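As a plain string of letters, each chain reads:
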Amino acid sequence: MTQNICTLITGASSGIGRETAIKLSDSQRILLHGRDLDRLEETRQHCKNPLDHYIWAADLGDVKQIDTSLSSALSRNNIKISNFVHCAGTLHIGPLRLQEHDATIDLFNINFFSAVEISKLLIRKKINSNILHGIIFVSSTASKFGARGFSTYCASKGALDAYMRALAVELAPDVRVNSILPGAVRTSMTESIFEDVDIINRMEDGYPLGLGKQSDIASAVEFLLSSSARWITGQQLVVDGGRTVNISG
Amino acid sequence: MILNPLDFSGRKVLVTGAASGIGLATCKLLSELGASVVAVDCSETGLANTLNSLSGTGHTSHCFDLRDVSEIPGALVEWAQSDGKLHGLVHAAGSSLVSPTRLFSLESYHDVMAVNTEAALALLCGFQNRKVCLKEGGSVVFISSVMGLVGSAGASVYAMSKAALIGLTKSSALEFAPRGIRVNCVAPGFVKTQMYERMALMWNDDQRRQVELAHPLGLGEASDIAHSVVFLLADTSRWITGTVLVCDGGYTAS
């Protein structure tokens, strides 16, 4: 690891992003993104060789700042990004009549528009020297299926997947772009869904292989970034323990 | 020791269509990862070549024509008795047919369906037998095709046979999840195999170029599909079942 070529993981201070960062840190340098410096430092301490990895603290809700903030993080540390894994995400659950425009904009900023800004920046030759070759969006099965109270979340993940397919075609053959569609995995983002034992039991019934672990998603990220997946681009990989083929769930 | 989640040491995997193309590439990759392979094909000489090209030991082969669909479940029980129980099953054998619908022949339709689809069902039936698969479960991977997802003139019969595998994957994934048996399929785009070369003989240079251009990453290699199959067989995909993994160089995204 002599060159500062990194995999950028957004949302790395918790949940799937944190788990993915720790797993990938075995084999590559990571640029850990999150909002909270202390929690990012905590993730870094769990990575292999903590000093090999970098931190970029920024609020992705502030989309207009991303360009400046990320490009200065790259130049400050003399880093180029070879892979971009977008794990950052937020969830507002609520019926349609209670959906506030500002909250919807905030959700789209974090789940979708930030991915657009980061992707745009990373294909700029001046900033990233054509080093980028892999993009993974952590989407959701909510991109393909509806759920009560999830309307804006579903829409943001649908946008992410449509964007993924278009990018895959536009950036081939230099950059492969795919998304992973996890079913319900217990993380700090989904904690509100999991706080009730009855709900956990009912949910578990809908998952033929039971509920998933964060490491199940991290394994899929690792596969799609690796050369084993060199001919896979523009695809949604569903990792959900069989939930979405289960019509009785 | 470095943990390798793709380690297949002590695991036995049966692969159909093992003499060529995707089946052969899958056998090779599995053997490099420490698996013992049960190679099945209808070509005796092809099987001998496959066995010669594998790494490691403990591999076996069986010359069998999958068109004998009703014999398949019994054959799997017999092979499990002689070779040992299976961790995984890969159905890579396939028959291609490109023919306009006006030339429809029930005979050639039956031939394609027997090898591609009916054999898949019979293999699954054999695999789930407690005398065949391990008690803790296992992983089954069917090779479908992008033709099961999108259309191509003249490919009706082939498309039917491959789309059926997607239906089989989803329902059987639910049926066998309680037993720890995962069922998934890989849907490849156009891969440079002998089967592809036979199909391409019917195209002119322009058509060949068009097929290549339709894949933003170019045409695939059999080994590309083998890597996806192995990901779905291994514990890396412990929470994946009923899924179609499309490996097509961007063909269906554009």
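No experiment lies behind these values; they were computed from the predicted model shown. Position numbers for residues start from 1 in each chain and track the written sequence from start to end. Think of it this way: whatever chain is written first is A, whatever ligand is written first is 1, and the rest follow in order. Where totals are concerned, whole chains, interfaces and linings use all residues; where local detail is concerned, this predicted model gives features only for residues with pLDDT of at least 70, and gives and counts side-chain atom pairs only at 80 or more. In computing side-chain properties, one takes all heavy atoms of the structure into account and sets aside hydrogens as well as water.

Draft legend 1. Seen up close, helix 3 (residues 66–77) of chain A. Residue and element names in this part refer to chain A. Taking 1.5 Å as the rise per residue, helix 3 with 12 residues should run 16 Å; its terminal C-alpha atoms sit 16 Å apart, in good agreement. Only protein chains enter the accessibility calculation, which uses a 1.4 Å probe. A residue is then buried if its area is under 20% of the maximum for its type, exposed if over 50%, and partly exposed in between. Counting from the N terminus, the helices are the DSSP runs of H or I reaching at least four residues and the strands are the DSSP runs of E reaching at least two. Every buried residue of helix 3 is listed here: I66, L70, S71, A73 and L74. Angularly, the buried residues of helix 3 cover 155° about the axis, an arc narrow enough to put them on a single face. More than 90 degrees from the buried face of helix 3, the exposed residues found are S75 and R76. Only heavy atoms enter the contact rule, under which two residues are in contact if any of them lie within 4.5 Å. For helix 3, the elements touching its buried residues are strand 1 (5–10), strand 2 (29–34), strand 3 (54–57), strand 4 (80–86), helix 4 (101–122) and helix 5 (125–128). Just downstream of helix 3 lies N78, where phi reads positive at about 55°. Expected helix span is given by 1.5 Å per residue-to-residue step, counting one fewer step than there are residues. Here the arc refers to the directions that run from the helix axis out to each C-beta atom.

Draft legend 2. Quick look at the environment of D206 of chain B. All names here are of chain B. Along the polypeptide, D206 turns up in helix 7 (residues 205–213). Assessed through its relative accessible area of 45%, D206 is described here as partly exposed. At 2.8 Å, the side chain of D206 and the side chain of R209 are in polar contact. Whenever a nitrogen or oxygen atom comes within 3.5 Å of another N or O atom, the pair is scored as a polar contact, on the condition that within protein one atom can donate a hydrogen and the other can accept it, and that pairs from neighbouring residues in sequence are kept only if both atoms are in side chains.

Draft legend 3. Molecular detail of the nonpolar core. By convention a nonpolar core is built from buried Ala, Val, Leu, Ile, Met, Phe, Trp, Tyr and Cys residues, the set being connected through side-chain atoms within 4.5 Å. In terms of nonpolar packing, the biggest core is built from 74 residues, with F8, L30 and I225 of chain B touching the most fellow members. The element best represented in this core is helix 8 (residues 222–233) of chain B, accounting for 8 residues. Not counting residues within four places of it along the chain, the set of residues in contact with I225 of chain B comprises W231 of chain A together with I22, I143, V186, P188, V191 and C247 of chain B.

Draft legend 4. Just the pattern of salt bridges, in detail. Salt bridge, as used here, is a side-chain nitrogen of Lys or Arg placed within 4 Å of a carboxyl oxygen of Asp or Glu. Summed over the entire model, instances satisfying the criterion amount to 13 salt bridges over all chains. Between E191 of chain A and R186 of chain A there is a salt bridge whose closest N-O contact spans 3.1 Å. For R186 of chain A, a relative accessible area of 43% translates into the label partly exposed. Here D206 of chain B and R209 of chain B are joined by a salt bridge, their closest N and O atoms 2.8 Å apart. With D206 of chain B and R209 of chain B both in helix 7 and 3 residues apart, this pair spans about one turn of that helix. Taken together, the salt bridges that share partners define one network made up of D65, R67 and D111 of chain B.

Draft legend 5. Fine view of the layout of surface pockets. Residues and elements named next belong to chain B. The way it works is a 1 Å grid over only the protein atoms, where trapped points that fit a 1.4 Å probe form a cavity and open points with protein on both sides within 12 Å along at least five of seven lines form a pocket, and then any residue with an atom within 4 Å of a point lines it. Grid points are joined across faces, edges and corners, and a volume is the space filled by probe spheres set on the points. Reported here for the second largest pocket is a volume of approximately 1000 Å³. Among the secondary structure elements, those contributing two or more residues to the lining of the second largest pocket are helix 1 (21–32), strand 2 (36–41), helix 5 (156–176), helix 6 (194–200) and helix 7. Residue contributions to the lining of the second largest pocket peak at 5 residues, all from helix 6.

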